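Coordinate analysis (summary)
Next come the chains, spelled out residue by residue.
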Amino acid sequence: MGGVRTRGFVLAALVIAGMSAVGAHSAPRERVAFGTAISVMSTPYYVMANAGLLTKRGLDAELRLFNSGQEVAKALAAGDLTFGDSAVNNFQAAIQAGLDVVAFMVLPMGEGGSRNNDRPLAIVASGESGVRKPEDLRGKTVGLSLGGSAELYLRAVLERVGLSADRDVRMVQVLPTNAVQALRSRQVDAISGWEPFPTQILREVPGSVLVVRGGGYFNYISFALARRSTFQSRRDLVKKYIEAASEAMWMVRRDRRQAAQAAATWMPGVGLEVLVDSLGNVPFDPRITEYTRIAWDTSYRFLSRYGRLKGPVPMQGYVDTTLLNEVVREHPEWFSDLQPARLLQLRIR
């Protein structure tokens, strides 16, 4: 599939497996493929891979990287992935389109202890564009990943200052990995995107300015997904995945620089200091809480207003928290640093 990138995790898994089974015949490890879009927000995946957190749970795991969440969803639907992820807005649209998947934790990023879920999103502009605040975007060309969270964030920011993304700006497709070059070469006046690319632009494009970051405009969380058949028949496998991902998110929160070093092995075009700084703008909280429900409800109302959804999309039937809440109870050490919040109790039928 186009856009897929894999690295040496399978080799690393085999090395670790061999070290743990010296002098003995170990049982064959179950193979799983998990995927995400290339981003600093995906750092828990890089940590899972580099630290062998799935390997130590008896799995032969392969991490696959894609250019967008839409590509991840297609791979999951095609059976090319055991586990994928999706931003809440894309997940809701996929449900209405008939994709039969289940969300079982927040991954790779989200904030379960507050309403502030859009800190990873930002709009940055070139110095020559004259854009210093959202109102200045009128008549400008904005590069972004069309149809995704970056577009919805831009729409929300413009709406708050009385502008329309359809009428007052020109939106053009720019892959996140091309954002720095697009702004540097003046192909666009501004970029709407997610970390680490806004931070990278601010560090690497002389004169570039931060127009807006976060701000409570848009609820931006991602869910880990499995096909419904996998979730129902392999709850043991799903729980191992939740354990590994929760441990990885805790490791990212505990040591940002070490997490950035893991990310650097998968994002070689981004400098280490950019990764360290950008990780500070991303919340890594795997819990599904009362604030997750607020983000869910706000998202479908927002999408409905722009014609992306035909109406409400219920969490019930598509989100299951039973295994996640078991892991929260069994491993409090991975969650004790997070803001208190009421966990949702959701079970698919």
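Data block above holds the structure.
Residues numbered from 1 in each chain as written. Predicted model: local features only at pLDDT ≥ 70, side-chain atom pairs only at ≥ 80, totals over all residues. Heavy atoms only, no water.

**Structural notes on the sheet that holds strand β9 (residues 190-194)**
Put simply, the rule reads: In this scheme, strands are said to pair when DSSP sees at least two bridges between them. Segments assigned H or I by DSSP are reported as helices when at least four residues long, segments assigned E as strands when at least two residues long, and all are numbered from the N terminus. Note on geometry: axes are C-alpha line fits, over the in-contact stretch for helices, and angles between N-to-C directions span 0 to 180 degrees.
With mixed pairing, the five strands of this open sheet are ordered in space as β8-β7-β9-β6-β10. Each having just a single partner strand, β8 (170-173) and β10 (209-213) make up the two edges of the open sheet. When strand polarity is set aside, the average angle formed by the axes of neighbouring strands in this sheet is 25 degrees. With four bridges connecting them, strand β7 (residues 141-144) and β8 associate as parallel partners. Residue pairing in the sheet places V142 in a bridge with M171 of β8.

**Some words on the pairing of strand β4 (residues 84-87)**
What counts, and what does not: Burial classes: relative accessible area under 20% of the type maximum marks a residue as buried, over 50% as exposed, and values in between as partly exposed (1.4 Å probe, protein chains only).
The two faces of β4 match: G84 and S86 on one face and D85 and A87 on the other face are all buried. Here β4 pairs with strand β11 (residues 222-227) via four bridges, running antiparallel. Among the inter-strand pairings, D85 is bridged to a residue of β11, identified as A224.

**Points about helix α12 (residues 290-305)**
The condition that has to hold: Each residue after the first adds 1.5 Å to the expected span of a helix. The directions considered for the arc run from the helix axis to the C-beta atoms. The contact criterion used throughout is that any non-hydrogen atoms of two residues lie within 4.5 Å. Whenever a nitrogen or oxygen atom comes within 3.5 Å of another N or O atom, the pair is scored as a polar contact, on the condition that within protein one atom can donate a hydrogen and the other can accept it, and that pairs from neighbouring residues in sequence are kept only if both atoms are in side chains.
Counted at 1.5 Å a residue, the expected span for α12 with its 16 residues is 22 Å, and the 23 Å between its end C-alpha atoms agrees. The set of residues buried in α12 consists of T292, A295, W296, S299, Y300, F302 and L303. Looking straight down α12, one finds that the buried residues subtend no more than 165 degrees of arc, so they occupy a single side. In this structure, the buried residues of α12 make contact with α4 (88-96), β5 (101-106), α5 (149-160) and β11. The opening residue of α12 is T289, an N-cap whose side-chain oxygen sits 3.1 Å from the backbone nitrogen of Y291.

**Re the pattern of salt bridges**
Rule in force here: Whenever a carboxyl oxygen of Asp or Glu lies within 4 Å of a side-chain nitrogen of Lys or Arg, that contact is scored as a salt bridge.
Following the criterion strictly, the structure yields 23 salt bridges and no others. Close ionic contact of R186 with E128 constitutes a salt bridge, the shortest N to O distance being 3.2 Å. Here R186 is found in the loop between α6 (179-184) and β9, whereas its partner E128 is found in the loop between β6 (121-125) and β7, with 58 residues between them in sequence. Given the relative accessible area of 52%, E128 is considered exposed. Between R155 and D166 there is a salt bridge whose closest N-O contact spans 2.9 Å. Here R155, found in helix α5, pairs with D166, found in the loop between α5 and β8; they are eleven residues apart in sequence, far enough to count as distant. Bridged by salt links that share partners, the residues K56, R57, E243 and E247 form one connected network.

**Looking at the environment of L272**
Locating L272 in the fold gives a position in helix α11 (residues 272-279). Sequence separation of L272 and A262 is ten residues, and the distance between their C-alpha atoms is 9.7 Å. Apart from the residues within four sequence positions on either side, L272 is in contact with R257, A260 and Q261.

**What to know about the side chain of T230**
Tracing the sequence through the fold places T230 in helix α8 (residues 228-233). When neighbours within four sequence positions are excluded, T230 is seen to be in contact with T82, R235 and V238.

**Quick word on the sheet that holds β4**
Spatial strand order, β4-β11-β5: three strands in an open sheet with antiparallel pairing. The open sheet is flanked by β4 and β5, the only strands paired with a single partner. Within the sheet, the average angular offset between the axes of one strand and its neighbour, ignoring direction, is 40 degrees. As paired strands, β5 and β11 are joined by five bridges and run antiparallel to one another. Paired with A103 across the two strands is L225, which belongs to β11.

**A look at the packing of aromatic side chains**
Short version of the rule: For Phe, Tyr and Trp, rings pair up if their centres lie within 6.5 Å, where Trp contributes its six-membered ring, and each pair is then called stacked (planes under 30 degrees apart), edge-to-face (over 60) or tilted (otherwise). Note on criteria: charge over ring means Lys NZ or Arg CZ within 6 Å of the ring centre, with the direction from the centre no more than 35 degrees off the ring normal.
Summed over all chains, the structure comprises eleven aromatic pairs. Ring centres of F91 and W296 lie 5.7 Å apart, and the angle between their planes is 80 degrees; this geometry places the pair in the edge-to-face category. Pair noted here: F91 is in helix α4 and W296 is in helix α12, with a separation of 205 residues, a long-range link. Summarising the aromatic geometry, the rings of F223 and W296 are spaced 5.9 Å apart at their centres and angled 70 degrees between planes, so their arrangement reads as edge-to-face. Taken together, the residues span a long stretch of sequence, with F223 in strand β11 and W296 in helix α12 at a distance of 73 residues. As far as the burial class goes, F223 and W296 line up, both buried. Through a chain of ring-to-ring contacts, three or more aromatic side chains come together here, namely F34, Y45, F83, F104, F231 and Y241. Against the face of Y217 rests R160, its NZ or CZ located 4.1 Å from the ring centre. Over the ring of W250 we find R254; its NZ or CZ atom is 4.2 Å from the centre of that ring.

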